[in-house]
Every structure is written in structure tokens, then in C-alpha cells.
Amino acid sequence: MSTETTRRELLKGVGLGVGSTLLSPILSQIAAQAAGDAKAANPKRVVFVVQSNGMSPDHLRPEGVMRSFKGNKPTNADLVEISLADKKLHPALESLEPFTKRIALVQHLSGRVALSDHSANHGCLGACPANKGPIAQTIDHAIAEANPGVIPHIAIGLGGNPGTIMNYRLSASGPGQATPIICSPELAFKSLFGSVAEGANGKNFDQTANLLDFMTDDVKRARNALKGDEREKLDGYLAAFEALHKRQTELAGLRESLAANAPKFDKNQLRPTISTTILESQFEIGAAALISGVTNTLLLTSGGGGQAFGEFPELGINGLHGIGHGAAQNGKTAQECFTELRQLHTKLIAGFAKKLDAIKEGNGTLLDNTAIIYISDSGEQHHPSLYEWPIVVIGNLGGKLKTDGRYLEFPGYGQKKHRTTANFFCTLLHAIGKPRDSFGVPDMGMKDVDQTGAIAELLA
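Cut-offs used in this document
Residues numbered from 1 in each chain as written. Predicted model: local features only at pLDDT ≥ 70, side-chain atom pairs only at ≥ 80, totals over all residues. Heavy atoms only, no water. Helix = DSSP H or I, 4+ residues; strand = E, 2+ residues; numbered from the N terminus. Expected span 1.5 Å × (residues − 1). Buried < 20%, exposed > 50% of the residue type's maximum accessible area, 1.4 Å probe, protein only. Contact = heavy atoms within 4.5 Å. Polar contact = N/O pair within 3.5 Å; in protein donor to acceptor, adjacent residues only side chain to side chain. Phe/Tyr/Trp six-rings, centres within 6.5 Å; stacked < 30°, edge-to-face > 60°. Lys NZ or Arg CZ within 6 Å of the ring centre and 35° of its normal. Salt bridge = Lys/Arg side-chain N within 4 Å of Asp/Glu carboxyl O. Core = buried A, V, L, I, M, F, W, Y, C linked by side-chain atoms within 4.5 Å. Axes fitted to C-alpha atoms, helices over the stretch in contact; angles between N-to-C directions. Parallel < 35°, antiparallel > 145°, perpendicular 65-115°, else oblique. Left-handed = near helix turned anticlockwise from the far one by under 90°. Nonpolar A, V, L, I, M, F, W, Y, C, P; charged D, E, K, R; others polar. 1 Å grid on protein atoms, 1.4 Å probe; cavity = no way out; pocket = protein on both sides within 12 Å on 5 of 7 lines; lining within 4 Å. Points joined across faces, edges and corners; volume = space filled by probe spheres on them.

A.B. asks: Where do I start with helix H14 (residues 421-432) in this structure?
C.D. replies: For an α-helix, 3.6 residues make a turn, and residues three or four places apart therefore share a direction. Taking 1.5 Å per residue, twelve residues should reach 16 Å; H14 reaches 17 Å between its end C-alpha atoms and fits that length. Burial of H14 is extensive: eleven of the twelve residues sit out of reach of the surface. Those residues of H14 lying buried are Thr-421, Ala-422, Asn-423, Phe-424, Phe-425, Cys-426, Thr-427, Leu-428, Leu-429, Ala-431 and Ile-432. Check the buried side of H14 and you find it contacts strand S1 (45-51), helix H5 (123-126), helix H6 (139-146), strand S14 (370-376) and strand S15 (391-394). Between a side-chain oxygen at the N-terminus of H14 and the backbone nitrogen of Ala-422 the separation is 3.2 Å; the capping residue is Thr-420. Note on H14: the residue one or two positions beyond its end, Gly-433, has a positive phi of about 100°.

Okay, here's the thing in C-alpha cells:
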């Protein structure tokens, strides 16, 4: 038996106790790499970040770039493509500048079939009517089904207000099957990682516990079975959980503070009530889930569909409905408020991407095998027309997507070569290896436009 064969068997045979939930996916990937199975060693990962209340097309437009527009409709008949190499991003996206060479800023995709007065609800990720409930599978579930992990699909985030526990209005596994999005960091943490403490340790496990404390023996056993780059990769994964522990400790401190200062709350209400803290925590939990190999598909939300846009009084932005109608907030114009909120979210996305980029995988990093899709549940504005639906894409999904620093404006609505969000979702399915040429419901307002197929300009 060769040395390498012995190593592969050793990796498969590492005895794990409470750490099996978290370490098994990592060791399986390392064993696959040792066996030369590149697909299993470097799985493709897709992350959807959905923010409420619209995404201004101006925020995607780099400095000095103009676009053709009349009323609320893009008018260009041909594709416009501009390199971001020498362009400065809008201040709303400035946190993403370290990843400029790995970004595609996509403009003028329509989604009129999901038109609503505010959120498109399931229509955002489903390319279907907004107000008929979950009539079809949304793209996050289609990706998860095509590219399953240990847990095929994880959905977490911030709901319409900081007290929201579950949100059911954005994701669906199929017709009539709305997926709950967990909006409590405590519940998300326990749901995903609490199982490491099964058995005798279970009674001592709490959201404040350091997961690695429960896995000390398993971690030592796993590290002893590895060498060189493999051990370094494992250490990178473990670092994600150390960061998660730090975040959960901060949450516990906040909970204790609330208990001390708000005695009228009952124990079920003692959870974080600051939107930014909830979002930061959910991004940490999501990163840990992705990095650990627990899942390949992650949905992170900020806002809950309908008019549940979220609340950010800690930023001096109270009424997100108000800024949608142009109202100033605490001395800031509506546009300044929208920019500040975008900066908050892009900073979180950039931090998330940086964590993935720190993990070596194959000849690159985990980020190299990932695509992060940043989109709003209400298209281009508070009261959308959905003649365009701006999308930011970070990462090329293992070389399957063209996201090498590009600004793209597709032909306007009704033009012969116009493309829709449904085409974009087909593109993701082609890139993940499960191609479809239709998704959701066709737009009957464009009967003479071919709405099928992937977007060739985005496929590598």
C-alpha cells in the first residue's frame, strides 16, 4: 500500500466524537484532494445576499460612467461593457474595491413579472409574480438542489425588525413551500452548530461556548493526521470558529446588558435588538457554515419582504419607508441614508469575502470557488418599475463566470437582446453544472423577445 493511499485511509478513518458535525466535511474535502478528486475537494459555493428597499442603479455606476435612459427605462440597444481596472467605484460600494478584479456589476436586467409596489417577495429569487406566495422554487433552492452540501440550504438574516425570529417571504423550496429564514443569531447558531455538543456535553452547551473547547480531542486527532498545507487549511477553518466564538460572546454580553437594564422583558425577548449587531452576527455564522463545509448554498437577508425594510435607529435612520419617499433623516438626505445603508452591507460582504479568500483551496482560495450575489428584493428602488434589476456578483465560481472587473449594461427592456433576472438565474445553473434554459415565469410584456437561455456574456 502506497504512502498516499495510507494517508487517504487515515483521513477517512479519523475517529471523531462531538466534533464530527464540523470536522467531517473539512476532512472529507482534504481526503478528496489527497485522492485527486478536484470536484469533491473544491466544491462550488453560492451566496445570495438580499437587501430590502431597492438598489439604486447609480450605486453600481463607476465614476465617470453615464448610461442611456428615458423616463424609467434603459434605452440602449446594444451591450455596454466597461473595464473597472481604472475606475473608482461609487462610495456606496467602496468597501468592495479590494475585490474589483473579481466583480461584475450587472445593469438593465428586467424582472417585470415580479412587479409589486414594494418587495417582489418570492418573485425576487423566483422570477415569478410578487403577490401570489411561493408559486415556484426560488434560485437559492435550485442551486442547493443541484449542488448539495451536508446541509443543502441555509437561510439566515435580519427580519423586518430586530425582534423578528423567522421570515417566510423570500425563499421557497417549491410551490407552496416557503422556507423559514432564521432571523435570530442565537437560534441560527444553535440550529447549525449546537449538535457538536450532543451527549454528555450537551447540557453545558450554550451560544456563548467556544466550539473548539468541545472538540479539543477531535481537533488534535485531526491535526495529527494532516501535514503541511493540509494542516494549514484545517487551521484556517478553525479560525473561522474562533471568530464566531468572539461574536457570540459579544452577543451574550449584550443579552446580559438587556437583562440588567430592561427587567420588564421576559427571557424569550432577551436577544439582540440592534440591527447592525444582528447582521454582523449572521454574516459571521454564515461564513463559518460555508468555510466549515456544512453547506454550499447560503442565503443572507436584510429585510423581510413587503414593507418590512428593517430598522437602523443606531445609524440615525429610523424610517426606511420614509427615505424611499425622499424624506430626510436626522439631518441626512434620503440619498445619503441609502448610501450609508449600502456601505454597511457592502462592508459586511467585503469582510465575508475576505474570510473566504484567507482559506487556501486547491490552487487558489475558497473565494475562487464561490460566487456572492448581491441583490435587492425590490429591484432598482423603493417603488420599483423593474425595467432593471441591478445585481453585484463577486467571485467567478471556480472560473465558470466572467467576473474579472466588469461593468455591464444589457440592452434595455423590449430590445431584441434584452435579458432578465430569469436569464441570470439560468446562468448560475449553467455555471454550477445543472443547466436550465428557463426559470420562473416569462414576461408576457416581451412576447417577441427570446427570454430563454443563460447570459453568454457572463459565462466563461
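A.B. asks: Help me out: how do you make sense of the packing of aromatic side chains in this one?
C.D. replies: The geometry of an aromatic ring pair is captured by the separation of the ring centres together with the interplanar angle, meaning the angle of the planes. Enumeration according to the criterion identifies four aromatic pairs in this entry. For the pair Phe-283 and Phe-352, a centre-to-centre distance of 6.1 Å together with 85° between the ring planes defines the contact as edge-to-face. In this pair, Phe-283 sits in helix H11 (residues 275-292) while Phe-352 sits in helix H13 (residues 334-357), placing the two residues 69 residues apart along the sequence. You can call Phe-283 buried: its relative accessible area is 7%. When its relative accessible area of 3% is taken as the criterion, Phe-352 is described as buried. Grouped by ring-pair contacts, the aromatic residues Phe-424, Phe-425 and Phe-439 constitute a single cluster. Here the guanidinium or amino end of Arg-112 rests over the ring plane of Tyr-387, the centre of that ring lying 4.1 Å away.

A.B. asks: Could you clarify how one ought to interpret the pattern of salt bridges in this entry?
C.D. replies: Think of it this way: side chains of opposite charge can pair up when their charged atoms draw near. Applying the stated rule across the entire model yields seven salt bridges. The residue Arg-61 makes a salt bridge to Asp-58 at a minimum N-O spacing of 2.7 Å. Judged by relative accessible area, which is 36%, Asp-58 ranks as partly exposed. Here Lys-332 and Glu-340 are joined by a salt bridge, their closest N and O atoms 2.8 Å apart. Judged by its relative accessible area of 18%, Lys-332 is buried. A single salt-bridge network, built from bridges that share partners, covers Arg-102, Asp-357 and Asp-368.

A.B. asks: Is there a simple way to think about the nonpolar core in this case?
C.D. replies: Proteins that are soluble and globular tend to have nonpolar side chains buried together. One finds Leu-96, Leu-105, Phe-352, Ile-372 and Val-392 to be the most contacted residues of the largest nonpolar core, which totals 54 residues. Counting residues per element, this core draws most heavily on H13, at eleven residues. Not counting the four nearest positions on each side in its chain, Leu-105 is found in contact with Leu-60, Pro-62, Leu-84, Leu-89, Leu-93, Ile-391, Val-392, Arg-406, Tyr-407 and Leu-408. Within the second largest apolar cluster, 43 residues are counted, among which are Val-50, Leu-170, Leu-401 and Phe-439.

A.B. asks: I keep staring at the packing of H11 against H13 and nothing clicks. Help me out?
C.D. replies: The angle between the axes and the distance between the axes are what describe a pair of packed helices. Here H11 crosses H13 at 25°, and the two axes come no closer than 10 Å. It follows from the interaxial angle that H11 and H13 lie roughly parallel. Read as a crossing pair, H11 and H13 show a hand that is right-handed. Of H13, the residues touching H11 (which contributes Thr-276, Leu-279, Glu-280, Phe-283, Glu-284, Gly-286, Ala-287, Leu-290 and Ile-291) are Leu-344, His-345, Leu-348, Ile-349, Phe-352, Lys-355 and Leu-356. Residue composition of the contact of H11 with H13, by class: ten nonpolar, three polar and three charged.

A.B. asks: I would appreciate a short explanation of the packing of H6 against H14 in the present structure.
C.D. replies: It is the contact of H6 with H14, at a shortest axis distance of 10 Å, that shows an interaxial angle of 10°. Our classification of the angle between H6 and H14 gives roughly parallel. Across the interface between the two elements, Ile-139, Ala-142, Ile-143 and Ala-146 from H6 touch Phe-425, Leu-428, Leu-429 and Ile-432 from H14. For the contact of H6 with H14, the class distribution of residues is eight nonpolar, no polar and no charged.

A.B. asks: Is there a simple way to think about the layout of surface pockets in this case?
C.D. replies: Sizing a probe to match a water molecule and rolling it over the atoms shows the empty space that remains. Empty space within the second largest pocket amounts to approximately 340 Å³. Lining the second largest pocket are 24 residues, and of these Ser-56, Pro-57, Gln-335, Glu-380 and Gln-381 sit closest to its centre. Contributing elements (two or more residues each) for the lining of the second largest pocket: helix H4 (57-60), helix H12 (320-324) and H13. In terms of residue count, the dominant contributor to the lining of the second largest pocket is H13 (four residues). Classifying every residue of the lining of the second largest pocket by side-chain character gives six nonpolar, 13 polar and five charged.

Any link to function would need more than the numbers given here.
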